[in-house]
Amino acid sequence: MTVVYPVLVVVAVLLTAAAITAYVVLLRRRSAALRATGLDLAAFARPSGRRRHLPYALFLAALPLLLLALARPAAEVDVPRVSGTVILVLDVSQSMTADDVKPNRLSAAKTAAAGFVAAQPSTVDMGVVVFGQDGLATQAPTADHDAVLAAIDRASAAGGTSLRQAILVALTAIVGKPVALPADGQAPDLGYWGSATIVLFSDGEDSSGGGSGGGGAGGDGAGGVQTAADLAATAGVRIETVGIGTAQGATVEADGYQVATALREDVLTNLAATTGGSYHPASDADQINEIHRSIDLRITTRPETVELTGVLAVAALVLLTAGGLLMISWHGRIV
């Protein structure tokens, strides 16, 4: 804890010392005056002994607290909070320009993703990955949900689709170091990230071959996608998939050709099931927004600056009240 002590702290110490000195001098003069009269001092001691000094001691203790409160001291403390991490993964491939959902799949995905962000509690850190043929992290995990919404809004369609690369880049954003498929079949140790979830918004089509097979465990194709999903599952990261599009599909223009494209719910369902996640149709907004309930939250700490003025003022008020009540009880008045 780091506390800010302004100049008034020194003033508080000096005034307290001066008040104590004045009280002692006054007490000695009163005692000397009573001795000069020849009266029995014990008869006037009400209450007797050291207790008669207690109210004054309470008043003196309250003085530096009040002066410190005027200085508005602050402390930096580690505040615990319950939090999780969600990486939103947006498919921005050419197939997402299809208009089988209006105005097109990408716009529908951005709307669904923005609605999901708005429904999340502030304790959930969120990041954004956009992917076509390659994956690109456009927003690292942050508690600033406005920054996440801005990253979603910037997404635009381009290129092919690689679900494998999308998962790897999302895992990289979660673990904080580059994640790649194992070349020798030995899976890398990513640690355990049970409080992290990947939410994938896609039509499920994979131009690298992820929807139809082909490719080895360490390459593109269905094997590469499955290996990437296995990496996520081993690390405790759940993948939730959101399907964008219709089974009837539409045609889009890619490289001068008309290409048919349709929603591949089977691909998205299998991908989610590998990690213990679920498939969600984009039309079911309530179901999408409830994804955060499946996140295993964790206890973290975050430094926050806390002003101590109120605490000091209350403590001083308690001391003054106690001193006043004791004086009234013992002397019948505040003296």
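Scroll up to find the structure.
Residues numbered from 1 in each chain as written. Predicted model: local features only at pLDDT ≥ 70, side-chain atom pairs only at ≥ 80, totals over all residues. Heavy atoms only, no water.

Another point: the overall build of the protein. For the protein, the helix and strand inventory stands at 10 helices and 10 strands. Residues classed as buried in the protein amount to 41% of the 335 residues present. Nonlocal contacts in the protein, meaning residues at least 24 apart in sequence, comprise 78% of its contacts between residues at least 6 apart. Carbon and sulfur atoms form 59% of the exposed surface of the protein, whose accessible area is close to 17,000 Å². (Helix = DSSP H or I, 4+ residues; strand = E, 2+ residues; numbered from the N terminus. Buried < 20%, exposed > 50% of the residue type's maximum accessible area, 1.4 Å probe, protein only. Contact = heavy atoms within 4.5 Å. Areas by Shrake-Rupley, 256 points an atom, 1.4 Å probe, with all protein chains shown as cover.)

Right, let's get into the pattern of salt bridges. Pairs may arise between side chains of opposite charge once their charged atoms sit close together. Inspection of the entire model under this criterion finds 4 salt bridges. For Asp99, the salt bridge is made with Lys102, and the minimal N-O distance between the two is 3.9 Å. Salt bridges sharing partners connect three or more residues here, namely Asp100, Arg105 and Asp203. (Salt bridge = Lys/Arg side-chain N within 4 Å of Asp/Glu carboxyl O.)

In this fold, Glu240 is placed in strand 6 (residues 238–243). Lacking a salt bridge, the buried Glu240 has Arg238 as its closest oppositely charged neighbour, with an N-O distance of 4.0 Å. A polar contact is formed between the side chain of Glu240 and the backbone nitrogen of Ser278, at a distance of 3.0 Å. At 2.7 Å, the side chain of Glu240 and the side chain of His280 are in polar contact. (Lys, Arg positive; Asp, Glu negative; His and termini not counted. Polar contact = N/O pair within 3.5 Å; in protein donor to acceptor, adjacent residues only side chain to side chain.)

On to the nonpolar core, then. By size, the foremost hydrophobic cluster in this structure holds 32 residues, and its most contacted members are Val89, Leu171, Ile198 and Val237. For this core, the leading source of residues is helix 6 (residues 163–175), giving 9 residues. Setting aside its immediate chain neighbours within four residues, Leu171 contacts Val179, Leu190, Ile198, Ala228, Leu231, Ala232 and Val237. Membership of the second largest hydrophobic core comes to 25 residues, among which are Val242, Ile244, Ile288 and Ile291. (Core = buried A, V, L, I, M, F, W, Y, C linked by side-chain atoms within 4.5 Å.)

Attention now goes to the environment of Ala62. Structurally, the position occupied by Ala62 is in helix 3 (residues 54–70). A relative accessible area of 0% places Ala62 in the buried class. The spatial distance from the C-alpha of Ala62 to the C-alpha of Leu320 is 6.3 Å, given a sequence separation of 258 residues. Discounting residues that sit within four places of it in the chain, Ala62 has contacts with Ala316, Leu319 and Leu320.

Looking now at the pairing of strand 7 (residues 250–254). Note: strand 7 against strand 8 (residues 257–261), 5 bridges, orientation antiparallel. By the bridge assignment for strand 8, Thr251 is matched with Ala260. Between strand 7 and strand 8, which pair antiparallel and follow one another directly, the connecting turn spans 2 residues, one of which, Asp255, has a positive phi of 55 degrees. (Pairing = 2+ DSSP bridges.)

It is at 10 Å that the axes of helix 4 (residues 105–118) and helix 5 (residues 145–154) come closest, and there the two elements cross at 175 degrees. For the element pair helix 4 / helix 5, the angle class is roughly antiparallel. Residues Lys110, Ala113, Ala114 and Val117 of helix 4 form the contact with helix 5, whose own contacting residues are His145, Val148, Leu149, Ile152 and Asp153. Looking at the contact of helix 4 with helix 5, its residues break down into 6 nonpolar, 1 polar and 2 charged. (Axes fitted to C-alpha atoms, helices over the stretch in contact; angles between N-to-C directions. Parallel < 35°, antiparallel > 145°, perpendicular 65-115°, else oblique. Nonpolar A, V, L, I, M, F, W, Y, C, P; charged D, E, K, R; others polar.)

Assignment of secondary structure puts Pro188 in the loop between helix 6 and strand 5 (196–202). Residue classification places Pro188 among the partly exposed residues on the basis of a relative accessible area of 33%. For the pair Pro188 and Leu231, spaced 43 residues apart in sequence, the C-alpha to C-alpha distance is 8.0 Å. Look past the residues within four positions of Pro188 in its chain and what remains in contact with it is Ala180, Pro182 and Leu231.

As a further point, take the pairing of strand 6. Most of strand 6 is tucked away, with 6 of its 6 residues classed as buried. Alternating residues of strand 6 divide into Arg238, Glu240 and Val242 and Ile239, Thr241 and Gly243, and every residue in both groups is buried. Relative to strand 9 (residues 279–281), strand 6 is paired through 3 bridges, and the arrangement is parallel. Each bridged residue has a counterpart across the sheet, and for Gly243 the counterpart in strand 9 is Pro281.

Right, let's get into unusual backbone geometry. Residue Pro103 follows Lys102 across a cis peptide bond; omega there is -5 degrees. Residue position: Pro103 is located in the loop between strand 2 (74–91) and helix 4.

Let's shift gears to helix 3. With 17 residues, helix 3 extends 25 Å between its outermost C-alpha atoms, agreeing within 8% with the 24 Å of an ideal straight helix rising 1.5 Å per residue. By the burial criterion, the buried members of helix 3 are Pro55, Leu58, Leu60, Ala62, Leu65, Leu67, Leu68 and Ala69. Directly after helix 3, the chain includes Arg72, whose backbone phi takes a positive value near 50 degrees. (Expected span 1.5 Å × (residues − 1).)

Of all the residues in helix 8 (residues 265–274), the buried ones are Val267, Leu268, Leu271 and Ala272. Seen along its axis, helix 8 keeps its buried residues to an arc of 125 degrees; they face one direction. Taken from the residues just after helix 8, Gly276 is the one with a positive phi, measuring 85 degrees. (Arc of directions from axis to C-beta.)

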